[in-house]
Amino acid sequence: MRLPHLAVPALLAAAIPAAQAATVTTGWEANAGNQDQCIATAADAIGRTGFRVTIAQDRQAVFGWRGEENISIRCIGDRGLAVIFIYTHAGRDNNQLMAILRDEYRRGGGGKR
């Protein structure tokens, strides 16, 4: 069964117990390369931030797992875009993690400078 690309973030959010609301932070980065370069850059950036990396079979997204924290970077190569989603427990400020992840993505060559 193949899920629509936007179903992945919804499934990740649904996996968090109902009694425990999630904090969701989103962002985006310009992608200077093609789809494969975006996926490679996203995997490197997620790994360098200390998350366990999984690349989706359809090579449209990269996921990161660290305890109960989740990161998803969806690459849209033909639009030159990488969309970032971070999920953590309620009340947690994801802005610092987002800044670190974006810096790592840019350092990996994914972002236009």
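Everything that follows concerns the structure shown earlier in this document.
Residues numbered from 1 in each chain as written. Predicted model: local features only at pLDDT ≥ 70, side-chain atom pairs only at ≥ 80, totals over all residues. Heavy atoms only, no water.

## Quick notes on the pattern of salt bridges
Threshold: For this document, the term salt bridge refers to a Lys or Arg side-chain nitrogen within 4 Å of an Asp or Glu carboxyl oxygen. Secondary structure is summarised from DSSP: a helix means a run of H or I of at least four residues, a strand means a run of E of at least two, and numbering begins at the N terminus for each.
A full pass over the atoms with the stated rule returns 7 salt bridges. The partner of Glu-29 in a salt bridge is Arg-106, with the nearest N and O atoms 2.8 Å apart. Residue Glu-29 is located in strand 1 (residues 22-30), and its partner Arg-106 is located in helix 3 (residues 95-107); the two are separated by 77 residues in the primary sequence. For Arg-66, the salt bridge identified is with Glu-69, shortest N-O distance 2.9 Å. Taken together, the shared-partner salt bridges in this structure form one network comprising Glu-29, Arg-102, Asp-103 and Arg-106.

## Structural notes on the state of the cysteines
Quick reminder of the rule: By convention in this document, the label disulfide applies to cysteine sulfur atom pairs within 2.5 Å. The rule is simple: take the accessible area with a 1.4 Å probe, protein chains only, and divide by the maximum for that residue type; under 20% is buried, over 50% is exposed, in between is partly exposed.
Tallied over the full model, the rule gives 1 disulfide. Sulfur-sulfur distance for the disulfide between Cys-38 and Cys-75 comes to 2.2 Å. Residues Cys-38 and Cys-75 are joined through a disulfide that is left-handed, its torsion about the S-S bond being -80 degrees. With Cys-38 in helix 2 (residues 35-48) and Cys-75 in strand 4 (residues 69-76), this pair connects stretches of sequence that are 37 residues apart. For Cys-38, a relative accessible area of 0% corresponds to the buried category. Take Cys-75: its relative accessible area is 0%, and that puts it in the buried class.

## A short note on the packing of helix 2 against helix 3
To describe two helices that pack against each other, one gives the angle between their axes and the distance between the axes. So the rule is basically this: Axis lines are fitted through C-alpha atoms, for helices just across the contact stretch, and the angle between N-to-C directions can take any value from 0 to 180 degrees. When describing relative orientation, an angle under 35 degrees is termed roughly parallel and one over 145 degrees roughly antiparallel, while 65 to 115 degrees is termed roughly perpendicular and anything else oblique. In this scheme, a crossing is called left-handed if the near helix is turned counterclockwise away from the far one by less than a right angle; it is called right-handed if the turn is clockwise. Throughout, a contact is declared for two residues whenever any of their heavy atoms are within 4.5 Å. Residue polarity follows a fixed list, in which Ala, Val, Leu, Ile, Met, Phe, Trp, Tyr, Cys and Pro are nonpolar, Asp, Glu, Lys and Arg are charged, and the others, Gly among them, are polar.
Where helix 2 contacts helix 3, the two axes come as close as 8 Å, and the packing angle between them is 135 degrees. Comparing their axes, helix 3 and helix 2 come out oblique. For helix 2 against helix 3, the interelement crossing comes out right-handed. Contacts between helix 2 and helix 3 involve Cys-38, Thr-41, Ala-42, Ala-45, Ile-46 and Arg-48 from the former and Leu-101, Glu-104, Tyr-105 and Arg-107 from the latter. Looking at the contact of helix 2 with helix 3, its residues break down into 6 nonpolar, 1 polar and 3 charged.

## Some words on unusual backbone geometry
Here the phi dihedral of Arg-59 falls at roughly 55 degrees; this positive angle occurs in a residue that is not glycine. Structurally, the position occupied by Arg-59 is in the loop between strand 2 (52-55) and strand 3 (61-66).

## Overview of the sheet that holds strand 1
Rules: Any two strands with at least two DSSP-identified bridges between them are counted as paired.
Strand order in the open sheet made by the 5 strands is 1-5-4-3-2, with antiparallel pairing throughout. Two strands in the sheet have a free side with no partner beyond their single neighbour: strand 1 and strand 2. Shown here is a sheet whose adjacent strand axes are inclined to one another by a mean of 15 degrees, direction ignored. As paired elements, strand 3 and strand 4 share 6 bridges and run antiparallel to each other.

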